[in-house]
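# Working through the structure, step by step
The lines below spell out each chain.
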Amino acid sequence: MEEKKVLKPDPDAELMLRAATGDEAAFMELFKRYAPALVGFADRFFRNRAIAEEMAQEIFIKVYRARRSYEQRSRFTTWLYTIATRTCLNELRRGVHRNITKPLDDGEVSAKVQVTEGAEENLLGRQMAEKIKNVLDGLPDKQRAAFILVRFEGKSYSEAGQILGVTRSAVKSLVFRSTDTLRRQLQQE
Amino acid sequence: MSAKKCEKIQSELVAYLDDELEETQRKLVESHLSECDSCSMALAQLKQTMMQVSALPATAPSDEFLLRFEKRLEKEKTTPLRALVAWLARPRVLVGTAVATTFLLLIFLVLAIRPGSTAVTNTSEMAVAGHLDLFSDYEAIKNLDILEDMEFIEALDEDA
């Protein structure tokens, strides 16, 4: 199941290589493509849109600073999410933003996501969302990161392993433990 | 079914649902599930949990997000020290700087170990003392995190 070393054509990597030679438009194109998703990604860690936006900006500033030394050794998104995950985990470890929680606001919900119809169903959906988020907040950082990468960002175990700097089997274990913890906690309530 | 066997199978169920098992493992799990109610129930619960998770909405950025980033990027570009460090971080410049530094260090050492080199050392110390204000330069200290970034980026390359 390990990924082969031969890289498939990666248009994002080509944009990044253009950005490396000073093409600002290419860099901004990458920002427009991925920064909104990174806001969603960071919000899974911090549960606060303002902080999530700050994190997404910080991640892209790091990409900008690293642009000249960029080499296509993996998919662009793997590289990007490596920076993103480390930035979020470092910020979590600093502890400044930990435990800042904010109830879900309709205005913050992506239009791409279908919201449950009906007030009662909507309320139940919100309560469930809160429960899930509370369980995720209580997970160890690496389990939480693996869970977010696989469950929300749709990364394969292999790619999540590259991003987290661990083996594929370590990701398998992290994802199992986090998902199983969530299952048990939800069953108890 | 033995509890140990069930425990082993249940630890594979999430990977099974994620379609991340090898063919042989997948068949082993499916064979066990066909005759174990307890593990089948655990599978159904995990499936439900995963569906609930995938239904969670993602947070979208605010309308001002892009504008705020453009302003931050402009600020980034106009900070001279950042531009200098970015230039220094280029591989060719880094190698050149390392070679030049080593060369200068060697010259310094050769001069320092010569008899009667006190004058040289004193002169060097005086030169440093004369520019002590450079070490208390706030801008230089404020931007020291760039060096951390550089280490971070190098580490990324090693990981990739």
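Just so we're clear, the structure is a prediction, and the values are computed from it rather than from any experiment.

Reading the values: the criteria
- Residues numbered from 1 in each chain as written.
- Chains lettered and ligands numbered in written order.
- Predicted model: local features only at pLDDT ≥ 70, side-chain atom pairs only at ≥ 80, totals over all residues.
- Heavy atoms only, no water.
- Helix = DSSP H or I, 4+ residues; strand = E, 2+ residues; numbered from the N terminus.
- Buried < 20%, exposed > 50% of the residue type's maximum accessible area, 1.4 Å probe, protein only.
- Areas by Shrake-Rupley, 256 points an atom, 1.4 Å probe, with all protein chains shown as cover.
- Salt bridge = Lys/Arg side-chain N within 4 Å of Asp/Glu carboxyl O.
- Expected span 1.5 Å × (residues − 1).
- Polar contact = N/O pair within 3.5 Å; in protein donor to acceptor, adjacent residues only side chain to side chain.
- Contact = heavy atoms within 4.5 Å.
- Buried area = accessible area lost by both parts, 1.4 Å probe.
- Nonpolar A, V, L, I, M, F, W, Y, C, P; charged D, E, K, R; others polar.
- pLDDT = per-residue confidence, 0-100.
- Patch = residues over 30% accessible without salt bridge, like charges linked within 9 Å, V, L, I, M, F, W, Y side chains within 5 Å.

### Some thoughts on the overall build of chain A
Along chain A, the regular secondary structure elements total eight helices and zero strands. Of the regular secondary structure in chain A, the N- to C-terminal order runs α-α-α-α-α-α-α-α. A burial count over chain A gives 53% of its 189 residues as buried. When the accessible surface of chain A is summed, it comes to about 9000 Å², and 49% of that surface belongs to carbon and sulfur atoms.

### A word on the pattern of salt bridges
Counted under the stated rule, the structure contains 26 salt bridges over all chains. One salt bridge in this structure joins Arg47 of chain A and Asp137 of chain A, with 2.7 Å as the shortest N-O distance. Here the residue Arg47 of chain A occupies a position in the loop between α2 (24-46) and α3 (49-66), and Asp137 of chain A occupies one in helix α5 (residues 119-137), the gap between them amounting to 90 residues. Taking relative accessible area as the criterion, Arg47 of chain A reaches 5% and is therefore assigned buried. Among the salt bridges present, the one from Glu53 of chain A reaches Arg68 of chain B, with a minimum N-O distance of 2.4 Å.

### Topic: α3 of chain A
Residue and element names in this part refer to chain A. Counted at 1.5 Å a residue, the expected span for α3 with its 18 residues is 26 Å, and the 26 Å between its end C-alpha atoms agrees. Extensive coverage of α3 is indicated by the burial of 14 of its 18 residues. Of the residues flanking the start of α3, the one acting as N-cap is Asn48, its side-chain oxygen 3.0 Å from the backbone nitrogen of Ala50.

### Section: the interface of chain A and chain B
Size of an interface: often given as the accessible area lost when the parts come together. Counting residues at the interface gives 55 residues for chain A and 48 residues for chain B. Between chain A and chain B, the buried area comes to about 5000 Å², and carbon and sulfur atoms account for 62% of it. Taken as a group, Gln57, Arg65 and Arg183 of chain A account for 14% of the area that chain A buries against chain B, more than any other trio of residues on that side. Across the salt bridge formed by Glu24 of chain A and Lys77 of chain B, the nearest N and O atoms sit 2.9 Å from each other. Summed over the shared surface of chain A and chain B, the result is 16 residue pairs in polar contact (both at pLDDT 80 or more). Only α2, α3, α4 (76-94), α5, α6 (141-152) and α8 (168-188) of chain A provide two or more residues apiece to the side of chain A that touches chain B. A total of 12 residues in the side of chain A that touches chain B trace back to one element, the largest contributor, which is α3 of chain A. Broken down by class, the residue content of the side of chain A that touches chain B amounts to 28 nonpolar, eight polar and 19 charged.

### A look at the confidence of the model for chain B
Mean pLDDT over chain B: 78, with 62% of residues reaching 70 or higher. Confidence drops under a pLDDT of 50 for residues 135-142 of chain B, and excluding neighbours within four residues, the segment shows five contacts in the predicted structure.

### Section: a nonpolar patch on the surface
A grouping of Phe103, Leu104, Ile107 and Leu111 of chain B is seen on the molecular surface, where their side chains present a nonpolar patch of about 380 Å² in accessible area. Mapped onto the elements of the fold, Leu111 of chain B is located in helix α7 (residues 91-113).

### A short note on the environment of Asn90 of chain A
All names here are of chain A. Inspection of the secondary structure puts Asn90 in helix α4. Overall, the relative accessible area of 38% leaves Asn90 in the partly exposed class. In this structure the C-alpha to C-alpha distance between Asn90 and Asp141, which are 51 residues apart in sequence, comes to 10.0 Å.

### A few points about unusual backbone geometry
Not every positive phi belongs to a glycine, and Arg47 of chain A is a case in point at roughly 50°. Of note, the phi angle at Asp19 of chain B is positive, near 55°, even though the residue is not glycine. Within the secondary structure, Asp19 of chain B is located in the loop between α2 (13-17) and α3 (23-33).

### Brief notes about the side chain of Glu159 of chain A
Residue and element names in this part refer to chain A. Relative to the assigned elements, Glu159 resides in helix α7 (residues 157-164). Exposure remark for Glu159: the relative accessible area of 6% places this residue in the buried category. With residues up to four places along the chain from it excluded, the contact list for Glu159 reads Arg75, Thr77 and Thr78.

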